[in-house]
Protein chains: 2
Amino acid sequence: MIAGLGGLHQFMHWDGPILTDSGGFQVFSLGHLRKLNEEGVAFKSHLDGSLHQLTPENVMQIESELGADIILPLDICAAYPCNPKDAREAMERTHRWAERALIARERFQTEQTLFGIVQGAFEAELRQQSARFTGNLPFPGLSIGGLSVGEPKAVMWEMLQHITPELPNAKPRHLLGVGSPEDFVTGVGLGMDMFDCALPTRVARHGGLFTGYGRINIKSARYRAERGPIEEGCDCYTCRNYSAAYVHHLARTEEQLYYRLGSIHNVRYMLRLAGQMRDAIIAGTYPAFRDTFLARYKPASEEVREDQRKKWKAARSR
Amino acid sequence: MIAGLGGLHQFMHWDGPILTDSGGFQVFSLGHLRKLNEEGVAFKSHLDGSLHQLTPENVMQIESELGADIILPLDICAAYPCNPKDAREAMERTHRWAERALIARERFQTEQTLFGIVQGAFEAELRQQSARFTGNLPFPGLSIGGLSVGEPKAVMWEMLQHITPELPNAKPRHLLGVGSPEDFVTGVGLGMDMFDCALPTRVARHGGLFTGYGRINIKSARYRAERGPIEEGCDCYTCRNYSAAYVHHLARTEEQLYYRLGSIHNVRYMLRLAGQMRDAIIAGTYPAFRDTFLARYKPASEEVREDQRKKWKAARSR
């Protein structure tokens, strides 16, 4: 359908970069009646109950037809926690699927960039092994999968510290499913180059807006009569044109415009932060930049994060 | 609150024209425990149960503080159907309140334009009387109230035909709460100059998009693979940039972007239609323009309209 309509760029009227994942993660998190074997994974759609199968080969075909700029192969994302035996099996199958994907994509004469995916669950040795194996395959970039799936933050950062020394320096590293401003800054400090996450727009929709001091809740009564912007000095469209009081009013009354203005603020915040990190890296001052940022930025408490997750899951199950 | 934040224009960051009604219509349609007497109307808020009173005088004060360009006085909108005695009493009180509003507004040194409101329910004689009375007061423009409140369309047009001959030609006429493309075109043919209505964006949100042939339902499966725009030749942002298939996809999956793209299409449609009507009036060809438009434009059936109303009421009562 989408290929017939000219591919994702034309369908969405978006000429910026697009990355597509294989759909494997969604099969494991949303699919019913999954059947996983060496060939691939079969599942029943959570939308209409129809049966589908994904294999390393047909995923390459689907993604070539969708036409994103960066595409990912089918992989197996182990759940947290995961016993070492299952973790190893999932990793080894992911490696075999990576090799099949590389062969399969030769059939599709597209200019798309295929990244490899590092797995290995929460085992330091497996993570190192997967980084070396995947890094040595002819992928021009590498995605770190299987993190940010419910494990404590400290475990995620520990895994990254095992992974990065094993990766080739010349290939960009993409951390799948991360994240928040604080994880963005920490992840770059641990050698990550690319991130993808719905968090900035998702938390914005629930009232959570980023500032240099942490995430605020714009629905809070303290913003009811606030004449200034969400954050003084912010150059986003929302802050340049609207008072926090107006954004507060829109959020409280659930006006459609709120979802747009809130998302614009958080997306601009992340892009500006990316620019600041790039400048600090070029200036050779990244560790100081990171430490100053993290000392000032108060992350959302576990309680707030849990509440956000519940709201998100409730909204998604409707 | 809004005055303290610089008035509606600054609060909303909107420098186009704004018209505010008195809130009287909402008191009659949404308020609980209404108490209506010569002084004004007291009611309990449907939002938080708080008690409020509106009088012709405090409505002028509130609207001067809100700071819209055109403001309306407190009036009494009779329900449909309405017996002749109640209709006359509501009209006469509306007239006395109009005179009180004119006196009260002298206290507020604003550049706002105060329109008068014609009432008289569904009695030809009362409508003529109200048009003459209100037309002779020093209002620079006139709003026609109490129509489009549930009566058959034919009754609304019949009332308008009694009203317009009695109105002064030099004052703009505003038809409150109308409407759809077909009512817009018919209303202009009966001498109306201004309209206000949430219908174009409300029906858009439910999938109803305007075309020269009538309202389509973009969620219909016929648009699933439609490569062309919603309407060929439409110059709106949505039609210039997106296929009907993409808009269909967004609507079916309830993506936020749909509500925006659908609303943009219908609002642009209405503005373009207004320009075409203006051109036809200047060229002296309005009756032919109207007849051609109405012969081509298939209005939503009563069934579809009833369905839309139900969805709207259900959404509003949430």
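Since the model is a prediction, treat every value here as computed from it, not as a measurement.

**Description of the nonpolar core**
Residue and element names in this part refer to chain B. With 39 residues, the main nonpolar core has Ile144, Leu147, Leu160, Leu175, Leu273 and Met277 as its most contacted residues. At the level of secondary structure, the elements contributing two or more residues to this core comprise helix 4 (84-105), helix 5 (124-136), strand 8 (142-144), helix 6 (153-163), helix 7 (181-189), helix 8 (199-205), helix 11 (256-283) and helix 12 (286-296). Broken down by element, this core gets its largest block of residues, 6 residues, from helix 6. Ignoring any residue separated from it by four or fewer positions in sequence, one finds Leu160 in contact with Ile144, Leu147, Pro165, Leu175, Leu190 and Met192.

**Section: helix 5 of chain B**
For helix 5 of chain B, spanning 13 residues, the distance from its first C-alpha to its last is 18 Å, which sits close to the expected 18 Å at 1.5 Å a residue. Those residues of helix 5 of chain B that are buried are in contact with helix 4, strand 7 (116-118), strand 8 and helix 6 of chain B.

**With respect to the sheet that holds strand 3 (residues 41-44) of chain A**
Residues and elements named next belong to chain A. Read from one edge to the other, the open sheet built from 3 strands follows the order 2-3-4, with strand pairing classed as antiparallel. The open sheet terminates on both sides in strands that have one partner only, identified here as strand 2 (32-36) and strand 4 (51-54). Across the sheet, the mean angle separating the axes of adjacent strands is 15° when strand polarity is ignored. By the bridge criterion, 4 bridges tie strand 3 to strand 4 in an arrangement that is antiparallel. If you follow Lys44 over to strand 4, its bridge partner there is Leu51.

**Here's the deal with the packing of helix 6 of chain B against helix 7 of chain B**
Residue and element names in this part refer to chain B. At their nearest, the axes of helix 6 and helix 7 sit 11 Å apart, and the two run at 20° to each other. In terms of axis orientation, helix 6 runs roughly parallel to helix 7. Crossing hand, helix 6 versus helix 7: right-handed. Of the residues in helix 7, those in contact with Lys153, Met156 and Trp157 of helix 6 are Glu182, Asp183, Thr186 and Gly187.

So, how was this worked out
- Residues numbered from 1 in each chain as written.
- Chains lettered and ligands numbered in written order.
- Predicted model: local features only at pLDDT ≥ 70, side-chain atom pairs only at ≥ 80, totals over all residues.
- Heavy atoms only, no water.
- Core = buried A, V, L, I, M, F, W, Y, C linked by side-chain atoms within 4.5 Å.
- Buried < 20%, exposed > 50% of the residue type's maximum accessible area, 1.4 Å probe, protein only.
- Helix = DSSP H or I, 4+ residues; strand = E, 2+ residues; numbered from the N terminus.
- Contact = heavy atoms within 4.5 Å.
- Expected span 1.5 Å × (residues − 1).
- Pairing = 2+ DSSP bridges.
- Axes fitted to C-alpha atoms, helices over the stretch in contact; angles between N-to-C directions.
- Parallel < 35°, antiparallel > 145°, perpendicular 65-115°, else oblique.
- Left-handed = near helix turned anticlockwise from the far one by under 90°.

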